[in-house]
Amino acid sequence: MTARVLVVDDLEPNVKLLEAKLRAEYFEVMTALSGQEAIDLAIEHQPDIVLLDVMMPGLDGFETCKILKANDETWHIPVVMVTALDQQADRVAGLQAGADDFLTKPVQDIALFARVRSLTRFKQMTDELRHRHAAGARMGVLSKADLSAFDEKQATILVVTDEDSIPAIDQGSEHMPKHISVVYENDARMALEAIRRGEPDLVFIDLGMESYDPLRLCSGIRAFDTTRMAPILAIASKDETRQLVRALDLGVSDYLMTPIDAQELAARVRTQIRRMRYLEQLRASFDQTMEMAIIDQLTGLYNRRFLSNQGTRLIEEAHTTEEPLAALMVDIDHFKMVNDTYGHDAGDLVLKEVSARLTTSVRGSDLACRTGGEEFAILMPRTPKESAHDIADRVLRAVNSVTVKLSDGQTLDVTVSIGVASLDRSDNLATILKRADEALYRAKQNGRNQVIDEAA
Ligand code: GH3
Ligand code: MG
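What you see is a predicted model; the values in this text were computed from it and never measured.

(A) Representation of the UniProt feature "domain: Response regulatory" (unreviewed entry) in the protein within the structure. Summarizing the sequence annotation, UniProt attributes the feature "domain: Response regulatory" (unreviewed entry) to residues 4–120 and 156–273 in the numbering used throughout. Structurally, residues 156–273 comprises 34% helix and 21% strand, and the distance from its first C-alpha atom to its last is 10 Å.

(B) Representation of the coordination of the magnesium ion (ligand 2) within the structure. Around the magnesium ion (ligand 2), the protein contributes the donor atoms D331 (OD), I332 (O) and E374 (OE), which lie 1.9 to 2.3 Å from the metal centre. Mapped onto the sequence, the donors of the magnesium ion (ligand 2) take the spacing D-I-x41-E. Residue D331 is found in strand 11 (residues 325–332), and its partner E374 is found in the loop between strand 12 (367–372) and strand 13 (375–381); the two are separated by 43 residues along the sequence. You can call D331 buried: its relative accessible area is 10%.

(C) Representation of unusual backbone geometry. Backbone torsion omega between K105 and P106 reads -5°, so that peptide bond is classified as cis. The topology assignment puts P106 in the loop between strand 5 (101–105) and helix 5 (109–132). Backbone torsion omega between T258 and P259 reads -5°, so that peptide bond is classified as cis. Along the chain, P259 falls in the loop between strand 10 (254–257) and helix 10 (262–294). Residues other than glycine seldom take positive phi values, yet R448 does so here, at roughly 70°. Mapped onto the elements of the fold, R448 is located in the loop between helix 15 (429–445) and strand 17 (451–453).

(D) Layout of the packing of helix 13 (residues 344–361) against helix 14 (residues 385–400). Two elements in contact, helix 13 and helix 14, have axes separated by 9 Å at closest approach and are oriented at 145°. Considering how the two elements wind past one another, helix 13 and helix 14 form a crossing that is right-handed. On the side of helix 13, the interface is formed by V354, R357, L358 and S361, while helix 14 contributes R394, V395, A398 and V399. The class makeup of the residues in the contact of helix 13 with helix 14 is five nonpolar, one polar and two charged.

(E) Region of the structure containing the sheet that holds strand 9 (residues 232–236). What the five strands build is an open sheet, ordered 7-6-8-9-10; its pairing is parallel. The outermost strands of the open sheet, each flanked by one partner alone, are strand 7 (180–185) and strand 10. Put simply, the sheet's adjacent strands are angled 25° from each other on average, direction ignored. One ladder, built from four bridges, connects strand 9 with strand 10; its direction is parallel. By the bridge assignment, I235 is partnered in strand 10 with L256. In the packing of helix 9 (residues 241–249) onto the sheet, contacts are made with strand 9 and strand 10, and the angle to strand 10 comes to roughly 165°. Here helix 10 sits on the sheet and contacts strand 6 (155–160), strand 7, strand 8 (202–206), strand 9 and strand 10; the angle it forms with strand 10, its principal contact strand, is near 165°.

(F) Spatial organisation of the packing of helix 2 (residues 35–45) against helix 3 (residues 61–70). For the pair helix 2 and helix 3, the least separation of the axes is 9 Å and the interaxial angle reads 20°. Looking at the two axes, helix 2 sits roughly parallel to helix 3. Crossing hand, helix 2 versus helix 3: right-handed. Listed contacts from helix 3 to G35, A38, I39 and A42 of helix 2 are T64, I67 and L68. By residue class, the composition of the contact of helix 2 with helix 3 is five nonpolar, two polar and no charged.

(G) Summary view of the site of ligand 1. Surveying the vicinity of ligand 1 reveals 16 residues, the closest of which are H334, F335, N339, D348 and R448. Residue D331 places a side-chain N or O atom 2.8 Å away from an oxygen atom belonging to ligand 1. Measuring from an oxygen atom of ligand 1, one finds a side-chain N or O atom of K444 at 2.8 Å. For ligand 1, the accessible surface in isolation is 650 Å², of which the surrounding protein chains cover 66%. When contributions to the shell around ligand 1 are tallied by element, the ones reaching two or more residues are strand 11, helix 12 (335–342) and helix 13. Of the residues forming the shell around ligand 1, the biggest block, four residues, is contributed by helix 13.

(H) Seen up close, the pattern of salt bridges. By the definition in use, this model includes 29 salt bridges. Notably, a salt bridge pairs R197 with E199, separated by 2.6 Å at the nearest N-O pair. For D225, the salt bridge goes to R228, with nearest N and O atoms at 2.7 Å. The exposure class of R228 is partly exposed, given its relative accessible area of 36%. Among the charged side chains, a network of salt bridges with common partners joins D101, R115, D254, E264, R268 and R275.

The rules behind these values
- Residues numbered from 1 in each chain as written.
- Chains lettered and ligands numbered in written order.
- Predicted model: local features only at pLDDT ≥ 70, side-chain atom pairs only at ≥ 80, totals over all residues.
- Heavy atoms only, no water.
- UniProt positions renumbered as here; feature names shortened; annotations may be inferred.
- Helix = DSSP H or I, 4+ residues; strand = E, 2+ residues; numbered from the N terminus.
- Donors = N, O, S within 2.8 Å, 3.2 Å for Na, K, Ca; no water.
- Buried < 20%, exposed > 50% of the residue type's maximum accessible area, 1.4 Å probe, protein only.
- Axes fitted to C-alpha atoms, helices over the stretch in contact; angles between N-to-C directions.
- Left-handed = near helix turned anticlockwise from the far one by under 90°.
- Contact = heavy atoms within 4.5 Å.
- Nonpolar A, V, L, I, M, F, W, Y, C, P; charged D, E, K, R; others polar.
- Pairing = 2+ DSSP bridges.
- Parallel < 35°, antiparallel > 145°, perpendicular 65-115°, else oblique.
- Near = heavy atom within 4 Å.
- Polar contact = N/O pair within 3.5 Å; in protein donor to acceptor, adjacent residues only side chain to side chain.
- Areas by Shrake-Rupley, 256 points an atom, 1.4 Å probe, with all protein chains shown as cover.
- Salt bridge = Lys/Arg side-chain N within 4 Å of Asp/Glu carboxyl O.

What follows is the structure, given as structure tokens:
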């Protein structure tokens, strides 16, 4: 996986060093010697990741980071702060400035590539979701991410190790955030099951495990759709660097070196959980956007757009399998009068009631849609002509038996008219719906509150 990295440091030798390391691993590198230059480059060239030195004259790293995170064009680009080793406070300040991660100088190769790869992967996932629903951004659900908003939510870490406990990461240890529970598992298969069930928010894998190959567990987690996204932190000792490099290649999100540094632990846990929660939220709002595109918001029925896509598919399927299919057009009688007499809200209530009746009086495999104001279409696969009329009668009775209770206590009775058509060999979606609609028109002409079949 490659990426375009922007390296920012006021000291040219530092820039050159990082640039050489990254280029050797086939990353594309851009460089900037000041905060302002970095901001300009980031806006113009949209790098995948920014490595940002803290100590710079003029705009320092924190200020630069704040500006990047406040700009609509750059807020989504991950920023890694590069801090001096002894400046623990810088890490906290960096995360507060909105940084996504940090590296300490002198920068170790393993740490550098671990952070860059992990953030690149994270950015690819979020970019894809962001692009897939530009509408989501327009609706404001995906405005600038405040990852720190996720810090206080309860989370569970699953630690896979042969040890009974690793005191540094135990629940209640000094730097494990209070809202995080720690669960141990020494059986790798059980661990995989728990991850598949979505139990842990974050997985620690002890690379020193002997009862099971920890790298096999890493690849096992990354191999399946249901577990692929789980954030994994490897725990490695100094003499396990080779396994650690393999683990990072296999897609482990990050790592901790033993003896575990308490500050480091807190920061790693926090960044991984923030990212995981952010992805969760993106996915949820993506699902919601998808749903809004196909569901009518007032009634919860499918909308016209979904009918035209899914309905076309159902009809092609019926032609291929030579199975019957029936269509109903349903229209509420004198609905305009409901609105005129009782108001628009009462009208909406009637629409919801009727929709609920429609849904419950047909099969789950039938497709019930709101095609217009007070008009509905129902497509019923595997339904022969003889049954279609009976089903329409049942729908009619189901609606007519409802008395709608208005908010002021008044009640009103609602009736519908229904037109029925059955699939002909030459039919497409438009033609069968047209015949059902013509039948509906005759039901209206004939006095309403009745079912009429298409003309023989
Ligand atoms: P008919 O029995 O011939 O079908 O008469 P009708 O009054 O039901 O039909 P008409 O087409 O004359 O009027 C439909 C009315 O439905 C007009 C419109 O104001 C109302 N309507 C359409 N969409 C909505 C909606 O979402 N909410 C409400 N409350 N009314 C709606
Ligand atoms: Mg009507």
